[in-house]
Amino acid sequence: MIAYHIDRTETLSINTTLSLLKLNCDTFNSSFKLYGFDEVSMFGMRVYKALQELSNPLSHSSIDFDFMNSIQIDLQAESIRSIHYPHMPSRFKCIFGLNKLSDLLLWKQYLKITKSTCIYEIEIPSNNCALLYASFLKGGITSDPDLICVSLMKYWSGMISNNPLPELLITLPVKILRKLDASEFIL
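Now for a look at the structure at hand. (Residues numbered from 1 in each chain as written. Predicted model: local features only at pLDDT ≥ 70, side-chain atom pairs only at ≥ 80, totals over all residues. Heavy atoms only, no water.)

1. Comments concerning the environment of I119
- Note that I119 resides in strand β6 (residues 119–123).
- Here the alpha-carbon distance between I119 and R8, two residues 111 residues apart in the chain, equals 8.6 Å.
- With residues near it in sequence (within four places) discarded, I119 still touches Y4, H5, I6, L101, L104, R178, K179, L180 and F185. (Helix = DSSP H or I, 4+ residues; strand = E, 2+ residues; numbered from the N terminus. Contact = heavy atoms within 4.5 Å.)

What follows is the structure in structure tokens.
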């Protein structure tokens, strides 16, 4: 199966395979165990490092509010997944993708997509992904916990929202095939 990944960190290259990264974390720490920080994707690594930085009382955190809020949503999502949907892939062990390029139109209001955006075609086994709707990824630091739970249950169940933001959660490893030319995705 072919999918598309927006490389916002601009770190990918063609003809490579992305695999899970092993972390040397305390496997007895219940928080790290809950979130599956034994092996993670690059996204999972960013979250893990942010949590380490925040847990260090001597650290002068460089994490801004928006990133912290985003991390909180993902931590809440992972808690709901591990309890109610353990068969679903962890967001911390996946790469995010799109089924079809036309889905970029739905994401334009959230992600800056220009001629210089790095979008890669990736190859995945069809059973290594879940199609979910990111419009249900709501919550964060100041949100009502009951509303967050309801919304995240809709996310993990695969319910389609009124304002769909389809995303593929793709379990690693995946093969990076090629970088798309802007003429293929500027819509």
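2. Details of the side chain of S151
- In this structure, S151 sits in helix α5 (residues 145–157).
- Since its relative accessible area comes to 8%, S151 is described here as buried.
- Those residues in contact with S151 that sit more than four places away from it in its chain are F136 and K138. (Buried < 20%, exposed > 50% of the residue type's maximum accessible area, 1.4 Å probe, protein only.)

3. Here we look at the environment of E184
- Following the sequence through the fold, E184 ends up in helix α6 (residues 182–185).
- When the C-alpha atoms of E184 and L101 are compared, they prove to be 8.3 Å apart, with 83 residues separating the residues in sequence.
- Residues contacting E184, with those up to four places away along its chain left out, are L101 and R178.
- Of the polar contacts made by the side chain of E184, one reaches the side chain of R178; its length is 2.7 Å. (Polar contact = N/O pair within 3.5 Å; in protein donor to acceptor, adjacent residues only side chain to side chain.)

4. Overview of the side chain of R91
- Within the secondary structure, R91 sits in the loop between α3 (65–84) and β5 (94–97).
- For R91, the side chain forms a polar contact with the side chain of D74, separated by 2.4 Å.
- Side-chain polar atoms of R91 contact the side chain of E167, separated by 2.8 Å.
- Residue contacts for R91: discarding those within four places in its chain leaves S41, F43, D74, A77, E78, F96, L137, Y155, W156, E167 and L169.

5. A look at the sheet that holds strand β8 (residues 166–171)
- Strand order in the open sheet made by the three strands is β5-β8-β7, with antiparallel pairing throughout. This sheet does not close on itself; its edge strands, each paired only once, are β5 and β7 (129–133). Along the sheet, successive strands turn relative to each other by an average axial angle of 30°, direction set aside.
- Relative to β8, β7 runs antiparallel, the two sharing five bridges. Its bridge partner lying in β8, L132 is registered against E167. (Pairing = 2+ DSSP bridges. Axes fitted to C-alpha atoms, helices over the stretch in contact; angles between N-to-C directions.)

6. So, the pairing of strand β9 (residues 174–179)
- The sheet contact formed by strand β2 (residues 16–18) and β9 spans three bridges and is antiparallel. Along β9, the bridge assignment pairs T16 with I176.
- With four bridges joining them, β6 and β9 adopt antiparallel strand pairing. Residue E123 lies in a different strand from β9, and its bridge partner there is K175.

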